[in-house]
Amino acid sequence: MSTEETSRTDDGSEHKGSSTSKTDKKTGTVKNTEAAAAAVTVVDPRLLVREQGLAGYIGEFKRKLKAGDLGSLPVVVGLLVIWGIFTSLNPNFLTAGNFSDMSVAMVGTGMIAVGIVFVLLLGEIDLSVGSVSGVAGAAFAVMSVTHGMNEVLALVLAILTGTVAGAIHGFIFARIGVPAFAVTLAGLLFWQGFMLQILGSNGTINLDSEGLVAKLTSHYFSDVAAAYGLAILVTAGYFLLAFSDNRRREAAGVPSRPLNEIIVRTVLLAVLAFAVAIVFNQYKGLPLAVVIFLAFLVFTDFVLRRTAYGRKVFALGGSVEASRRAGINVDMVRISVFAIAGTFAAIGGLFVASKIASANQGAGTGEFLMNVIAAAVIGGTSLFGGRGRTWDALLGVMVIVSIQYGLALEGIASPVQYMITGGVLLATVVIDAVTRKTQKTAGRA
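These figures come from a predicted structure and were not determined experimentally. (Residues numbered from 1 in each chain as written. Predicted model: local features only at pLDDT ≥ 70, side-chain atom pairs only at ≥ 80, totals over all residues. Heavy atoms only, no water.)

J.: Could you clarify how one ought to interpret the overall build of the protein chain in this entry?
T.: The secondary structure content of the protein chain amounts to 18 helices and 7 strands. Considering the protein chain as a whole, with its 445 residues, one finds that 41% of them fall into the buried category. Residue pairs at least 24 apart in sequence account for 74% of intrachain contacts in the protein chain once pairs closer than 6 positions are excluded. (Helix = DSSP H or I, 4+ residues; strand = E, 2+ residues; numbered from the N terminus. Buried < 20%, exposed > 50% of the residue type's maximum accessible area, 1.4 Å probe, protein only. Contact = heavy atoms within 4.5 Å.)

Here you go:
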């Protein structure tokens, strides 16, 4: 049937128009056929991007640029610029030996930065991780060297020391309500004093150069097949995971990457992985420390992005009250996150002790804490919570260690190193703040 509709305009006059509608005899409902014909099917913009090919991706990049959604791009560009500058100043900067040394040196700081990423995702901070790392190294040295305990048992107990310390901080923060800044600042002082106490008057305990912890940073897989094998494993693993994830998304009817995009990404990763393998094989081979670090990064990335627990961590960083109303046990998640930070602080402390082959009073003090926090933030983890990845710790620590080694090769004093690192950190925080404002303006935050 045809119905006549009357509408009133702003000036008070009436406008009459007709629209065609049909009545369903079974249900009695009226269907407007003209409106149905004019309806536009909503299509996910990500599908359109992939259908448009290269032009679509360029347009998507411009859209993200305007919205402030740059991801890790600024860090990667900054790292390439840093490498370019120091290589032009000193050709020895990116030699196989120096690159391998930098890779091993960054593991201790990077491990602790992984734990800091978890805390930052909540929008909190942990100032105690430097001291906790020193306690773990000292505890291992006292148990294994001074008291002759089995190294494996001493290693486990040293790591658990960090877990317990972090859980204590988390409990006081979550259950009692003391701000994380105050709790962990007190922890910084307490655990530093505890470390000095257990080290004794001597202040330094040398580790067995052939022992378990010492080999964490001194052992290299000299067979060239090790580095190339890891490169193949990483590349193949990425392709299989991306392909299987793509199949699941297609089956669920959600946007997925086309096969050619996955292949391009895999090829780029393969080029990077094999380039690094070639560099390692030109020196001593594949460092054990790097293999362990990468394994932890893959595991923690899986936990954060693929598990219910990881989604709870991100949810708390977005809104505590909304998370509580959604049924999330806020206190337990908070306690567990600080326990994770303490655990990684202990693991990182053992790598630091391995690098210097001793546990001493200076472990975890000075600028060490600032470098750890800076690594997580510079890598792209937001100080405001809810945004970041554990891979950010890798990018951030690469920036910091590159600056340190580059300036050291030029013979530049430590005060200048501090100022440059501080400037990079400030620039990163400013970019983070501006990005958040841009995303709010674009309606994405």
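J.: I tried to follow the packing of aromatic side chains on my own but got confused; where do I start?
T.: Applying the stated criterion across every chain, the model contains 10 aromatic pairs. Relative to F243, the ring of F239 lies with its centre 6.0 Å away and its plane at 15 degrees, an arrangement referred to as stacked. One end of the pair is F239 and the other is F243, both in helix α10 (residues 224-252) and 4 residues apart, which spans about a single turn. Residues F296 and F344 carry aromatic rings whose centres are separated by 5.6 Å and whose planes lie at 75 degrees to one another, so their mutual orientation is edge-to-face. Within this pair, whereas F296 is found in helix α12 (residues 288-306), its partner F344 is found in helix α15 (residues 330-356), the two being separated by 48 residues in sequence. Accessibility expressed as a relative area gives 7% for F344, which makes it buried. Ring pairing ties together the aromatic residues W83, F99 and F280, which thus form one cluster. (Phe/Tyr/Trp six-rings, centres within 6.5 Å; stacked < 30°, edge-to-face > 60°.)

J.: Could you clarify how one ought to interpret the side chain of T184 in this entry?
T.: For T184, the location among the structural elements is in helix α8 (residues 180-199). Residue classification places T184 among the buried residues on the basis of a relative accessible area of 0%. For T184, the side chain forms a polar contact with the main-chain nitrogen of L127, separated by 3.1 Å. If near-sequence neighbours (up to four positions away) are discounted, T184 is found in contact with I125, D126, L127, S128, H169 and F338. (Polar contact = N/O pair within 3.5 Å; in protein donor to acceptor, adjacent residues only side chain to side chain.)

J.: Explain α12 here, please?
T.: Owing to its 3.6 residues per turn, the α-helix brings residues three or four apart onto one side. Taking 1.5 Å of rise per residue, 19 residues should cover 27 Å, and α12 covers 27 Å from first to last C-alpha, within 8% of that figure. Taken together, the buried positions of α12 are L288, A289, V290, F293, L297, T300, D301, V303 and L304. (Expected span 1.5 Å × (residues − 1).)

J.: Help me understand the confidence of the model for the protein chain in this model?
T.: Caution applies to low-pLDDT regions: their predicted coordinates should not be interpreted in detail. Looking at the protein chain, pLDDT values average 84 and 82% of them are 70 or higher. For the stretch residues 1-13, pLDDT sits under 50, and the model shows 24 contacts to residues farther than four places along the chain or on other chains. Note that residues 15-19 has pLDDT below 50 and, in this model, 18 contacts with residues that lie over four places away or in other chains. (pLDDT = per-residue confidence, 0-100.)

J.: Looking at this structure, I do not really get the packing of α10 against helix α11 (residues 259-281). What am I missing?
T.: When two helices pack together, you describe them by how their axes are tilted relative to each other and by the distance separating the axes. Running from N to C, α10 and α11 cross one another at 165 degrees; their axes reach a closest spacing of 9 Å. Judged by the angle between their axes, α10 and α11 are roughly antiparallel. Note on packing geometry: the crossing formed by α10 with α11 is right-handed. Of α11, the residues touching α10 (which contributes V224, A227, Y228, A231, I232, V234, T235, Y238, F239, A242, F243 and N246) are L259, I262, I263, R265, T266, L269, A270, A273, F274, A277, I278 and N281. In terms of residue class, the contact of α10 with α11 is built from 19 nonpolar, 4 polar and 1 charged. (Axes fitted to C-alpha atoms, helices over the stretch in contact; angles between N-to-C directions. Parallel < 35°, antiparallel > 145°, perpendicular 65-115°, else oblique. Left-handed = near helix turned anticlockwise from the far one by under 90°. Nonpolar A, V, L, I, M, F, W, Y, C, P; charged D, E, K, R; others polar.)

J.: What should I look at first to understand the pattern of salt bridges in this one?
T.: With the rule as written, the count across this model stands at 8 salt bridges. Put simply, E321 and R325 hold a salt bridge, and the shortest N to O gap is 3.2 Å. One end of the pair, E321, and the other, R325, are both in helix α14 (residues 320-325), 4 residues apart, so they sit about a helical turn from each other. The class for E321 is partly exposed, based on a relative accessible area of 39%. Across the salt bridge formed by D392 and R389, the nearest N and O atoms sit 3.9 Å from each other. Several salt bridges converge on common partners, so that one network encompasses D245, R248 and R306. (Salt bridge = Lys/Arg side-chain N within 4 Å of Asp/Glu carboxyl O.)

J.: How do you make sense of the environment of I172 when you look at a structure like this?
T.: For I172, the position within the fold is in helix α7 (residues 151-176). Note on I172: relative accessible area 27%, which makes it partly exposed. Separated by 11 residues in sequence, I172 and V183 place their C-alpha atoms 7.1 Å apart. When near neighbours in sequence (up to four residues on either side) are disregarded, I172 contacts G177, V178 and V183.

J.: Could you clarify how one ought to interpret the packing of α7 against α15 in this entry?
T.: Between α7 and α15, the shortest axis-to-axis distance is 7 Å and the interhelical angle comes to 145 degrees. Note on packing geometry: the crossing formed by α7 with α15 is right-handed. Split into classes, the residues belonging to the contact of α7 with α15 amount to 14 nonpolar, 7 polar and 3 charged.

J.: Hey, could you run me through helix α16 (residues 368-378) in this one?
T.: Taken across its 11 residues, α16 has 10 buried, putting it largely inside the fold. Along α16, the residues that are buried comprise F368, L369, N371, V372, I373, A374, A375, A376, V377 and I378. Positive phi shows up at G380, right after α16, with a value of about 130 degrees.

J.: Looking at this structure, how should I read a nonpolar patch on the surface?
T.: A surface patch of nonpolar side chains, amounting to about 460 Å² of accessible area, comprises V152, L153, V156, L157, L160 and L212. Looking at the secondary structure, you find L153 in helix α7. For L153, a relative accessible area of 43% corresponds to the partly exposed category. (Patch = residues over 30% accessible without salt bridge, like charges linked within 9 Å, V, L, I, M, F, W, Y side chains within 5 Å. Areas by Shrake-Rupley, 256 points an atom, 1.4 Å probe, with all protein chains shown as cover.)

J.: Mind showing me how you'd approach the side chain of S103 here?
T.: Here S103 lies in helix α5 (residues 96-121). Within the structure, the side chain of S103 is placed 2.8 Å from the backbone oxygen of F99, a separation counted as a polar contact. Apart from the residues within four sequence positions on either side, S103 is in contact with F280 and V290.

J.: Any chance you could explain the environment of L196 here in plain terms?
T.: Topologically, L196 is positioned in helix α8. Residues L196 and N360, 164 residues apart in the sequence, show an inter-C-alpha distance of 8.5 Å.

J.: Would you mind going over unusual backbone geometry with me for this structure?
T.: With the exception of glycine, the majority of residues adopt a negative phi angle, and the majority of peptide bonds are in the trans configuration. One non-glycine residue, A357, adopts positive backbone phi at about 55 degrees. Mapping A357 onto the fold places it in the loop between α15 and β7 (358-360). Owing to a relative accessible area of 32%, A357 belongs among the partly exposed residues under this scheme.

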